[in-house]
Every structure is written in structure tokens, then in C-alpha cells.
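Residues per chain are reported as follows:
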Amino acid sequence: MTELTLLNALFSWAALAFRLPLFPEQASANAPRVDALYFFMLAVCGGVSIAIVLLIFYFAVKYRRRAPDQLAEEAHVPIALEWAWIIIPSLFFLSFFAWGALVYFEDAKAPKDALEIACTGRQWMWKFQHPDGQREINTLHIPIGKPIKLVMVSEDVIHSMFVPAFRIHMDVIPKRYTEVWFEATKPGTYHMFCSQYCGTEHANMIGSVVALEPHEYQAWLNGAATGSLALRGEGLFNKLACNGCHTGDAEARGPYLPGLYGRNVQLTTGEVIVADENYIRESIIKPGAKIAAGYDNIMPGYDGQLTEEQIIELVAYIKHLGKKYDQFEPVAPPTAPAPRPAGQNPDQTLPTGNVKPSATPPATPSEATSPRPAPEGARPKAN
Amino acid sequence: MIEENVSLPRIHYLNSHYGWKSWLFTTDHKRIGLLYMISITLMFFLGGFFALLIRLELLTPQADMFNADTYNKFFTLHGVILVFFFLVPSIPATLGNFLIPLMIGAKDVAFPKLNLLSWYIYAIGSLFTLWVVAVGGVDTGWTFYTPYSTTFANTHVIAATLGVFFTGFSSILTGLNFIVTIHKMRAPGLTWFRLPLFIWSLYATSIIQVLATPVLGITMVLIAVERFARVGIFDPALGGDPVLFQHMFWFYSHPAVYIMILPSLGVVSELISAFTWKRVFGYKFVAVSSLMIAIFSFIVWGHHMYVSSMSIYAGMLFSILSYLVAVPSAVKVFNWTATLYKGSVSYDTPMLYALGFIGLFTIGGLTGLFLASMGLDRHLHDTYFVIAHFHLIMVGGAVMGYFGGLHYWWPKMFGRMYPEWWGRLSALIVFVGFNLSFFPQFIIGYLGMPRRYHVYAPEFQVLNVMSTAGSSILGVGYLLPLVYFIWSLRYGKVASNPWMAKGLEWEAASPPLPENFLEQPVVTEEAYNYPIRPAQPTRHTGRLTSGLAQPADTTGKGREAEVV
Amino acid sequence: MAHETTPHNEHLANGQGHAHHSISPATCLLVFAALVIGTVATVWTASMDLGVLNTPVALSIAVAKATLIILYFMHVLYSKWLTRMVVIGSFFFLIVLFGLTFADYLTREKTPEIPSLYSSDPILKQQ
Amino acid sequence: MSNAHSPIAHHFYTVEQQKEAATIGMWLFLATEILLFGALFTAYAVYRQKFPDAFMVASSRMDWKMGGLNTLFLIISSVTMVFAVSAAEKGRRGGLLGFLAATGFFGTLFLVVKYFEYKHHYHDQDVPGLNFHWAGAPEFANGAQMFFFLYFFMTGLHALHMVVGLGLLIWIFITAYQGKYSPEYYNPVEMFGLYWHFVDLVWIFLFPLLYLLGAHLPPGGGGHH
Ligand code: HEA
Ligand code: HEA
Ligand code: CUA
Ligand SMILES: [Cu+2]
């Protein structure tokens, strides 16, 4: 997309020359696609507006009333014009629609191997939890060159996750997970805004996304490690005596949970649904809503007894149970700068029997092949 | 503008009865139109005042004028007041009320008492809102999104929703009245395709008012009930679904944006015709496009919800339907432009507004297309790009149309002219101020500044300063007409039909008689039947004086009114 | 006045005039019987478990009853096109409200997985 | 809407014009009512889709016999209303008054039954926002709450329409008693009839949706185990 780069350069130049920002940073894989559509529409619509305005000017001057009693002149305008200006714009409109839908569809679903980060929004802060349990507030560290999926839920009202440099946007809703994904392409620090009005400090529900080179991210992770999500989920699972029913043996009163995530579940109603985060979540807080075929509705509901974070942990644990080892994509490079504290690796603390731990995780491909410069060159944005 | 030598009719609707009772208990559509005009003018300046406060705060990135809560109340009240209490009733309830019976040759609207009732209901709604303003405001945004509005806000949400509920009711009654009036009260000979385009657009508007507003009404009541009784109709904590609220809200509020713009589109059609002395090109297409806009307006609401977690298939559907509604809008723009071709274009104040309207509406509408595209809206949603989009349409479009119409029909309403020079000057100021206010916001929006922020990142400041500067110029542009309109009521030059415009309304006296026409008019010709000179090889030979001496007198009826 | 005689004024000209607006007592009682039978049928079918058909059956009966009331008791069968248009129009927009809202609810959670159009994109390819 | 005292208002030219205006006006008003209730029906549908079982269980706490009885009352009152209009059309004042009285009678019966239902529900702690307490299976609590909210809101709004209708009916009755109506002018009676039938129509949908949903469940409700 050379023409885009050119335009981008033009805008940056304008920004420098006049200290007038005109165009947001393009820092995600998604951003150039959105911008391409933007420039296409800008060209078409700008062209049409200019044409209309010029035409009006021209007519208005040419046919101005020169004498107070000058009448309009008989004009022969073919009525076929009407159809022309119904059909031709419609075709353009269709192209806008199709392109826009494609851009959206393309990014609707995160790639399977996306790194999942849990995000909780609440009045008025953003909380994040990395897969290994590192938490942060209002700042999100991510590796570049890797799809990141934010699984988000709100603790109170509707918020909206907006990172202009990534051109992403998604509402964060209470009691339901929404997700958004992106892949940062440029190291740097970017704005993160809440864009859905959520009360007094809405304008201060802001933060920054710190995009790092993968190895730096890893270093950061190690520095900030506070225990694995799934790990704490496991603790809860035992503490709440979930394991009393979901024992995994033949006489168990509850279904066998490993492998549940992403699998089809047959319900008593005959319906078959995919066990995604929302299903698992619902199964915990309102088990009676959808009952797995072959089981009685005996599981107690935990609605109101668990905080959102605890539910996230439980869900993470159950998802974790489900994953086969080769589905994991640990972010740890083979030569991690600092060794993990013992017991911090989720893969080594899973309940035995269901998932076999593996000693050496494969290398991160992005790390191996990343041609990008070190982040020193990246210019941090004001915040 | 043509210099006329006329005098006011001896008895007209303004002086036929005296005293406050003759106003507050009137059933005369013209007087009710004026009651509305006074009320919405108050609301306009109140809402505009909040706009100035908003812009003042946004002059700097920090919160140095107002704190967060105050600012949040400002934009909420600004939106609520200007949308529900100014723009929705604006053209229909003032110009529409005044002109529909005149334009279709009727003595009054079909249900005069209902008409008065609707003003009272509007007044009750306004009182609720003014009460909210007085006791401390409301901070939910004009969209009242749940669960914030129902469970978390601690401002006067119930009173505000009830205010909206009442004004909605009033809007329903107005629309109902207009539909029946247009169907049943037309003068003999006035067939559908002889109606002025303004009537067509108000007819289309009324359909939306009648069919969409009840949904808003009940939604507002549900919010009030949920807040009051703490039941969980939209509260996810109790099993409710906040996205359902959005569906119900936008089912009204998207069509509502066409309640706001359609009447203006109608006014502009009238203006373009009157100031080119020409029939609007493609009359039937323009007429039917109003109906099409009204019908399509009901099926696009989801474009406000692309990132609300709505299903993406529904998003697709809404996206393509949104483009559908742009087609009839485009038809109008192109036809107006074509009307100018070989017209006799004069630049009186109303025409300046009309020309400004076309440009700004087009750009506003086209940026709506950016938002309607799912891929782009994911970046643009709830940024200043949206703010700029709808201000271009609502202020640069709808409000300009209203002002244009006001200037155009002012001599009809009061029998006197406003000062033309001042009129043109204020039109110019409005145009300049407007563009300075809102064009920078497109850029701020694409850069990513979210709306409803009273503090913002410093790099957005330059553009925000421009916007604030523009809004103060705009304020001057709006204050001028307020002054010279009032001035003209007393000192303006007496006028009857200074534009030499056609249409039944111009055949009544200016100001019209209490009963509008002495005798029921009979219509025998198309709308906008201006005399036309034959196509000429050279431009300057085609000047005809005949037909202009009595340009309006083509039906031969109703003219007596003027010489009473 | 010139009203009824003007050919252009379509509604006034080809109206039914002031003829029979109300239906005959016999029709009325027939409709009444049908409504009562409908009510009994609703209750009766509801007492059985028809599975997924529970609601469709109940709603079909309700729609049938409503249609009878609209057509006979409210004279729409004998009204002008305009009245009919109002009735049809209001139900049409009600269906729009219903239909498009459910276009969302019924297709939720079924986010598609379409093959990437940008799969040639070097950035994505790395994964 | 139109002036009841003189057969034709000043701004109309013919009786016919006035009458048609009133009819269309009334129908447009009913169109707004259709969308008003329609929005609630949409909400109902959404929540029923969200909580299918809870709605069923909660609905089995409704007394469908009372609902059925009320359906019957409303249908009868609709029929008497039809007769009232046709009596007015034929200029039979006695018939008009009699049928109006019958309509009012059955309408009042409806409200009386409704009152007892509400009272019963109040007693059973079924009223969200007031004293809602769900004794059944806990996982149905939210859905049941939603069901009862919709039940009270929809039937309440419907009952409000009935009350307004009865008020109008009294006014029509008085004016009819004063002999204001004639075969030439009985607009208000006819318009009121439309309104009354519409209220009946809403109930025809409310009844199966609210009362009969769980009718095939064992009586008593509260959960199906
Ligand atoms: C009068 C008011 C009005 C009008 C008429 C419109 C008209 C349109 N609006 Fe706008 N809109 C609003 C008021 C209005 N809007 C408001 C208030 C909001 C914000 C609400 C809030 O969240 O607070 C909003 C928000 C809004 C959004 C949501 C943005 C977001 O929150 O993310 C969208 C998305 O699709 C949208 C789209 C459109 C479209 C497609 C039109 C179309 O109808 C425009 C049609 C017109 C044209 C297209 C111009 C003429 C066409 C031509 C000259 C043809 C050109 C030919 C070629 C291109 C070949 N609008
Ligand atoms: C009809 C609708 C309408 C109109 C006319 C306007 C007019 C204007 N609007 Fe607004 N606006 C909305 C509808 C409208 N707006 C809506 C719906 C929102 C969204 C609210 C929300 O988010 O919930 C919004 C939001 C909105 C914002 C975004 C706030 C935010 O998100 O943080 C801004 C910011 O610039 C703005 C500015 C303006 C300006 C400068 C004008 C100018 O055109 C105003 C010009 C008028 C005047 C300047 C008045 C002149 C009067 C005087 C000078 C005297 C004043 C004193 C007395 C009281 C007598 N508007
Ligand atoms: Cu959170 Cu705005
Ligand atoms: Cu919209």
C-alpha cells in the first residue's frame, strides 16, 4: 500500500510543519486497512461534494437574476438523469458497504493463537490480567507482532475500549464477555480511551497501551509476575468444592470439564451449543439456564457469590483444562532473561491426569523471525 | 426581494382578538404556531448557551472551567434540550402549523383543539426539563444509556425522562394532526402531485412521528420505572439487557433524526423554487424521496450499535440498509442542483441559507456514510467525527433550513420584512462560524478524541481552539436574527409577497386572516407554476414583464384577502 | 361545496359515503362465537405440551382472533384504503421493530470464521 | 376531538369530511398504541428468549382461569359495543344506552377480576419493586422477576387503558342520554368503539403470552422438580 504510506508521510509532514496533527498513528495490522477504506471514501465523497459545490456556484453565478423581472429560462434536462443519479451513487454506496463489512469481518474473530488478556472495566479504570496472572491497571503491556485478544467484561456500567492507534473499538458490558483483538505493529505507547459515557470520570478512564518487542514483553512479564490466572482459578475450584461434583470419574455428578472449552455441548433441550466463555460463565453463575444433556439440574448457582475477577479466574482455569498442550503458545522465549519462580508456570501446576505438562515449550515464532527494530527507536506518545 | 407597495390587512389573525386568553386558549393554527415559535426559541438559546459553555471548557485540555460533573450535565442538557425541545418540534410545530392549512387551502388543521393540547403537553415537558436544569441537571447524555441511567447516575434522570416522554407525546399529536389534515383538508383540485414539496416532507415527517415516538415514550417510562422501583428491566445485575435498551432507543432516535431533517429538506425545496422562479426539477422524485426516507429511516437504527456487542450479521444488515436511506437523500441534492440550472437565481437571505444548507447537508450526509460503514465506525464510533457529522446535518442542515424558512415566511407571518442587509450578514456569519466550529472536529475525531470528554490529550488542543472560536462567531450569527426579527415586528417595511413566490399560502393576506381564506380556494395548476421564458439563443433578450405584475394571481381566488 | 364533485379529491369522491358502517347482528354473533371458540382453543392447546409448537399455536390463534376483531368489529373490512393502510402500516413497522431486533438476538454468538482475505499479509503470516 | 355540540365544526366543509377525519385520526392514534404496546411485546420476546424456562415456571403461577374469564368479559363487552354503535347508527337511543351500560358493566367486571388477581399476587410477594420474593428455584429468580415485571407493566398499562376507556364511556353515556347523537352524527360513539375494541385486542395477545405459557406444567409453579 504505497499510496497510503505516501499519504501518511504527507500528513506527518503537515503535522510537523504546522504542529497540527491530522492523522492518527498507524500502529496495528488493522489500521492500514481501515485507513485505506477511509481514503477511498474520502476521495469519492470529497470528490462528489466538491463537484456539487462547484456546480452550485457555477449555476448560481451564471444564472443569477440580472434584472429584477428576469424569468427562469426553459431548460431541457433529460429525465434519464434522475435514474443516473439514483443508480450511480447506489453503486458507490454498495462498494462502501462491502468494503466496510469486509474490513469489519476480517477482524471480527481473533485468530486461534491469539494471546488472551482479560480486561475488566469499571468506573473508572481498566484492569488487565495477563495469562500468567500479571495484573495491571490502566496500562496494558503487549508484545508486537502477535495477535492479542482482549476478553472484556464490565463490573458496573457499559464502557468501551478504544485504542485509536489500533483503530479498534468495542463496548465492555456488564455480565457478558465481549472481545476485541488486534496486532500491534510498532513499538510505542498509545492512548487507550473509554469511549462510552460511563459517569463522572468518564474522561479520565484513560490509559496507555505499551507495545513492546516480544523479548521485552517477556522481560516485563517476568518482572511483573503475580501468579497465574488459571492457577488461582484452580485454587478457587477446589475451595468452592467444584471438584466435589466435577471429579472426572464415571460416577461424577457433574460433567467432565477438561476439553469443554470450544467443544459442542448437547443440552437437555436438544440444542447444541459451543462452550465459549459466556457459556462457561453462565454455567457457573446460572447453571439452570442451560443444562447439559444427561445431567440433573443440581449444580448450585454462584451468582452474586463471586466477583467478576474470580469468575474470570474460574473460566480461565476451565479453559485451561480444555487445552491440549500443543495448543499453548507460551510467550516465554527459550532463553528467558530471568527464570520463572517455581510454581508459576501454569503448565506445571495443572491437576495431573488430564493434561500432561511438557518440559520445554517451543520457541515463539515471532521472536525467532521478528525483523523489527528495537523499541528505542519508537517514539513514546504523550500521555 | 421585490419592493412592493402594499398595506397590512385591517383585520388579521394577530389583531382579531386581544388579551392573553386569546393566545393561551386559541385554536387558530397560526397562533399555535407562534406559541411554539416562542417556546422553541427560548429552548434554542438555552441549549445554545450550554453549547457555548461546552466549547469554553474545551478551550484547554485541562478541566479548568467546570468540573467533570458539571460538564457532563452541560452536554446532556445541551443534547436533550436541542434535540427534543428544539429541533424535533422546530419546523413542523412552527412553520408547519402555520403553513400547512394555508398551503392546502384549509381553514385550519383537522383537530384544532388537539393542536392546542399538543402545545400544552410540550409545555409540560419543557417545564420538567427546565425544572431539571434548575435543580441540578442530569448527566446521562441525551441517549440515556442503561445501566448508567437506571442504576448508577445520581442526577435527575426520572424528571428528564418524563420531560422527554411528554414532548414525545406532543410530537405524536402534531404528526397525527398533520396526516389527517393533509389527507382530508386539501382544497378541491389540490391533488397529491400538486402539493408543495414542503407538505410532502411534513407528511413524511408525521409518519415517523406517529409510528416511532411511542416506542421512545414507553422506553423513557421503563427507565423511570426501573429507577424508581429498582426493578431490573435493563439492569444486567438483575438479568436485564442493556443492549435491548439501545435497540428500543434507536428505533425511535434514528428515525427522529429524519424528523429533524425532513422538514428542512422540504423548506429548502420551497426556497430553491422560490428563488429561482422555477419548478423544482424532478418534482415527483423529490416528493417521493421524502416518503422513501421516512420508510427507510425505520430500518437502519442498528448503525449506532456496531460496537455495542450486537451480532455482526445484524450489523451488516443495518449497514447496507443505512446506505439505502442515502439514496433518496442524494436524489434531493441532485435535483436541487439541477433546479438552479437556467433558473433566475436571486440571493436574498433565505436563498443564502438554502445554498449553505445544500453544501453542509451533503457533507454531513456523506460523513454519515463513513459512519455507516462497519469497518470505519469501529474507529469512529463515539469520537468527535460523529459529533461533527451530526452537527453538520443538524445545525448546518436542519437549523439553517429552519432559519431560511423563517426568513422566507416572515413577511407572510407578520406582514413585515426583516432588514435584508442584516439578514445576509447574519447568514454569512453563521456560515463562517459554523464551518470553523465543526470542520476541525472531523479531524479531531479521526485522530481519536472521544466525545463527552471534558479533559483531553494536549495534542488535540489546536483544533479544539479553532472549534471554540468558531462557536462564538456562530453565537453572534444567531443573536443577530433574534434582534432584527423583533425589531422588524414594529419597524419592518410592510410586505406581502416580496419574493413574488407562488403557492396558495402567498395568495392569502399577509398576515393571514383568522379564517385564512375568505372563500375556499380551488386549485387548477401544478405547484411552482412560474412563468418561464422560452429557451433563448442569447440570454439578454428573454426578459418578460408580463406575468410578473400579478405573478401570484393565477388561480384568481383568495386574492381579495389582501385588499381588505 | 365543490368537495365531493371534484374528481381530483380521490378520498372524498370515491368514498363509501355514509352507508353501512356497522355489521349485521348475525355476523356479529358469528364473530363472537368464533372468538369464544378461539379462547377455549387457546386454553385447551396450552394445557398440552406441544413442545416448540406451544407458542406458535397460541400466537396463531391470537392473531386469528385479532384479525376478526379488526376486520369486523373495527370495520376495517368495510373501510377505505386509507384506514387499511394505517392498520397495515402500523403492523408493518411493528414487525420491523421485532424483526430487526431479533436479527440481532438470534444471530449473536455466531461470529463467523471466514478465511482471511489478508492471509498473504506478511504480518499475519508469521503466526 | 371533534365538537360534540354542533354536528359540524367550523373548519370542516362537510359532515362526511369531518367524520372521515375523525376516523383516520382515531386509527392513527391506535397505530401509536400498537407501537407502544409493540415495544413492550418486543421486550417480552427478548426476555422470554433469554429466560425460557423461568418464564414458563413463573407463568404457571398465573391463574389462567381468571385470565380466561376476563378474556370472555372483554369479548362480550366488545360485542355489546358493536351493538351500541349500530344502535347509534340507527338512531335508537334506548338501545344505545342499554348496550353502552352493558359494555361498561363487563369492562368493570374485568377490572374487578384484575383487582383480585393483583391482590393475590401482592399477597404472594410477586410484585417486583414492591415485595418481590422468589421462593422457587434460585436460578429462575432473575427470569421470574423479569416475567412479573413485564406482567405487571403490560397488564397495568392495559388496565390503565381500560380505566380511561370506562371514563370515556361514562362521558359517551351522558351525552347519549342528553340526546346528542343522531344517525347523522354519532362519531364519538363510533370512535370510542374503535378504542374499546383495540383494548380488547391487546388483551387477546396478553392472555396467552402471560397466562398460558406454563399452563401445561403442574400447577403451583415454583420450579419443575
Ligand atoms: C438530522 C440529523 C441526522 C441525519 C439526517 C443523519 C443522517 C445520517 N446519519 Fe447520522 N447521526 C445523527 C444525526 C443525523 N444523521 C446524530 C444526532 C448522531 C449521533 C447520535 C449520538 O450517538 O449521540 C448520528 C450518528 C450516526 C451514526 C452512528 C455513529 C456512531 O455513533 O458510531 C451513523 C452510522 O451509520 C450515522 C449515519 C448516518 C447516515 C448514513 C445518514 C444519511 O441519512 C445521510 C444521507 C445523506 C447523504 C448521503 C448526502 C447526499 C448524498 C449525495 C449528495 C450523494 C453522493 C453521491 C456519491 C457518494 C456517489 N449517523
Ligand atoms: C439540534 C441540535 C443541536 C444543536 C443546534 C447544537 C448546536 C451546537 N452544538 Fe451540539 N450537540 C447536540 C445537538 C445540537 N448541538 C447533541 C444531540 C449532542 C450530543 C450530546 C450528548 O453527547 O449527549 C451535542 C454535543 C455537542 C458537543 C460535544 C460535547 C461532548 O461530547 O463532550 C459539542 C462540542 O463542541 C457541541 C457543540 C455545539 C455548538 C458549538 C453548537 C452551536 O451551533 C450552538 C450555537 C448557538 C448558540 C451559540 C446560541 C447563541 C446564544 C447566545 C450567544 C446567548 C446565550 C445566552 C442566553 C441563555 C440568552 N455539541
Ligand atoms: Cu468508562 Cu467511559
Ligand atoms: Cu442514525
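Please read all numbers here as calculations on a predicted model, not as lab measurements.

What follows is about the overall build of chain C. When its secondary structure is counted, chain C shows five helices and zero strands. Within chain C, buried positions represent 39% of all 127 residues. Residue pairs at least 24 apart in sequence account for 46% of intrachain contacts in chain C once pairs closer than 6 positions are excluded. Taken as a whole, chain C presents about 6,700 Å² of accessible surface, with 72% of it coming from carbon and sulfur.

It is worth spelling out the side chain of B:S510 at this point. Locating B:S510 in the fold gives a position in the loop between α15 (461–491) and β1 (532–533). Here B:S496 takes part through its backbone oxygen, which lies 2.8 Å from a polar atom of the side chain of B:S510.

Ranked by internal contacts, the top residues of the largest apolar core, which has 383 residues, are A:I142, A:M161, A:F166, B:L95 and D:L150. Once you skip the residues sitting within four places of it in the chain, D:L150 turns out to touch B:I233, D:A43, D:Y44, D:Y47, D:F55 and D:T155. By size, the runner-up hydrophobic cluster in this structure holds 28 residues, among which are A:Y302, A:L314, A:V315 and A:Y317.

Attention shifts here to the pattern of salt bridges. For the structure shown, the criterion picks out 24 salt bridges over all chains. The shortest N-O distance in the salt bridge between C:D104 and C:R108 comes to 2.9 Å. Taken individually, C:D104 and C:R108 each receive the classification buried, so the pair is uniform in this respect. Here the salt bridges do not stand alone but share partners, grouping A:E116, A:K149, A:E179 and A:E277 into one network.

Here we come to the packing of helix α3 (residues 68–103) of chain B against helix α8 (residues 242–274) of chain B. Residues and elements named next belong to chain B. Where α3 meets α8, the closest approach of the two axes is 10 Å, and the angle between their N-to-C directions is 40°. For the element pair α3 / α8, the angle class is oblique. Both α3 and α8 take part in a crossing whose hand is left-handed. Residues V83, F84, L87, V88, I91, P92, L95 and M103 of α3 pack against Y252, I259, M260, P263, S264, V267 and E270 of α8. Residues that form the contact of α3 with α8 fall into these classes: 13 nonpolar, one polar and one charged.

What follows deals with the sheet that holds strand β2 (residues 115–122) of chain A. Residue and element names in this part refer to chain A. Taking strand neighbours across the sheet as the criterion, the five strands line up as β4-β3-β2-β6-β9 in an open arrangement whose pairing is mixed. Two strands lie at the open edges of the sheet, namely β4 (135–137) and β9 (178–183), each paired on one side alone. Each strand of the sheet is rotated relative to its neighbour by a mean of 25°, with strand direction disregarded. By the bridge criterion, five bridges tie β2 to strand β3 (residues 125–129) in an arrangement that is antiparallel. Residue pairing in the sheet places C119 in a bridge with F128 of β3.

Residues and elements named next belong to chain A. Strand β7 (residues 159–163) sits mainly inside the fold: five of its five residues count as buried. As defined by bridge partners, β7 adjoins strand β8 (residues 168–172) across five bridges and the pair is classed as antiparallel. Counterpart to F162 in the pairing with β8 is H169. Joining the antiparallel neighbours β7 and β8 is a turn of four residues, in which R167 adopts a positive phi near 55°. One ladder, built from two bridges, connects β7 with strand β10 (residues 188–194); its direction is antiparallel. The residue of β10 that forms the bridge with F162 is F193.

Residues in close proximity to ligand 1 total 33 residues, the closest being B:Y258, B:D377, B:H381, B:H389 and B:R451. Chains contributing residues near ligand 1 are chains A and B. One nitrogen or oxygen atom from the side chain of B:W142 is found 2.8 Å from an oxygen atom belonging to ligand 1. A distance of 2.9 Å is found between a nitrogen atom of ligand 1 and a side-chain nitrogen or oxygen belonging to B:H389.

For the rest of this paragraph, the subject is the coordination of the copper ion (ligand 4). Residues and elements named next belong to chain B. Protein coordination at the copper ion (ligand 4): the donors are H254 (ND1), H303 (NE2) and H304 (NE2), at 1.8 to 2.1 Å from the metal. Of note, the donors binding the copper ion (ligand 4) are all from one chain and are spaced H-x48-H-H. Separating the copper ion (ligand 4) from the iron atom of ligand 1 is a gap of 4.3 Å. Of this pair, H254 sits in helix α8 while H304 is found in the loop between α9 (283–296) and α10 (312–340), placing the two residues 50 residues apart along the sequence. For H304, a relative accessible area of 21% corresponds to the partly exposed category.

Let us now look at the interface of chain A and chain B. Counting residues at the interface gives 88 residues for chain A, matched by 96 residues for chain B. Here chain A packs against chain B, burying approximately 8,500 Å² in sum over the two surfaces, 70% of which is carbon and sulfur. Applying the counting criterion to the chain A and chain B interface returns two salt bridges. For A:E73, the salt bridge is made with B:R533, and the minimal N-O distance between the two is 3.7 Å. For the interface between chain A and chain B, the tally reads 25 residue pairs in polar contact (both at pLDDT 80 or more). The set of elements that each furnish at least two residues to the side of chain A that touches chain B consists of α2 (31–62), β1 (72–73), α3 (80–106), β8 and β10 of chain A. Each residue belonging to the side of chain A that touches chain B can be placed in one class, and the counts come to 55 nonpolar, 15 polar and 18 charged.

Right, let's talk about the domain arrangement of chain C for a bit. Residues and elements named next belong to chain C. Domain boundaries in chain C define domain 1 (24–74) and domain 2 (76–107). Placing a centre on the C-alpha atoms of domain 1 and another on those of domain 2 gives a separation of 20 Å. Listed as interface residues are four residues of domain 1 and, on the opposing side, five residues of domain 2. In total, about 430 Å² of surface goes out of reach between domain 1 and domain 2, with carbon and sulfur atoms giving 69% of it. Where domain 1 meets domain 2, there are zero salt bridges.

Turning next to the coordination of the iron atom of ligand 1. If you check the protein contacts of the iron atom of ligand 1, you find one donor only, B:H389 (NE2), at 2.2 Å. In this fold, B:H389 is placed in helix α13 (residues 384–414).

Across the contact, 36 residues belong to chain B and 34 residues belong to chain D. Across the chain B/chain D interface, buried area totals approximately 3,100 Å², and carbon plus sulfur atoms make up 73% of it. Summed over the shared surface of chain B and chain D, the result is one salt bridge. The interface formed by chain B and chain D includes five residue pairs in polar contact (both at pLDDT 80 or more). When contributions to the side of chain B that touches chain D are tallied by element, the ones reaching two or more residues are α4 (112–135), α6 (157–184), α7 (197–229) and α8 of chain B. Ranked by residues supplied to the side of chain B that touches chain D, first place goes to α7(B) with nine residues. Residue composition of the side of chain B that touches chain D, grouped by class: 26 nonpolar, four polar and six charged.

Conventions adopted
Residues numbered from 1 in each chain as written. Chains lettered and ligands numbered in written order. Predicted model: local features only at pLDDT ≥ 70, side-chain atom pairs only at ≥ 80, totals over all residues. Heavy atoms only, no water. Helix = DSSP H or I, 4+ residues; strand = E, 2+ residues; numbered from the N terminus. Buried < 20%, exposed > 50% of the residue type's maximum accessible area, 1.4 Å probe, protein only. Contact = heavy atoms within 4.5 Å. Areas by Shrake-Rupley, 256 points an atom, 1.4 Å probe, with all protein chains shown as cover. Polar contact = N/O pair within 3.5 Å; in protein donor to acceptor, adjacent residues only side chain to side chain. Core = buried A, V, L, I, M, F, W, Y, C linked by side-chain atoms within 4.5 Å. Salt bridge = Lys/Arg side-chain N within 4 Å of Asp/Glu carboxyl O. Axes fitted to C-alpha atoms, helices over the stretch in contact; angles between N-to-C directions. Parallel < 35°, antiparallel > 145°, perpendicular 65-115°, else oblique. Left-handed = near helix turned anticlockwise from the far one by under 90°. Nonpolar A, V, L, I, M, F, W, Y, C, P; charged D, E, K, R; others polar. Pairing = 2+ DSSP bridges. Near = heavy atom within 4 Å. Donors = N, O, S within 2.8 Å, 3.2 Å for Na, K, Ca; no water. Buried area = accessible area lost by both parts, 1.4 Å probe. Domains from an automatic or database assignment.

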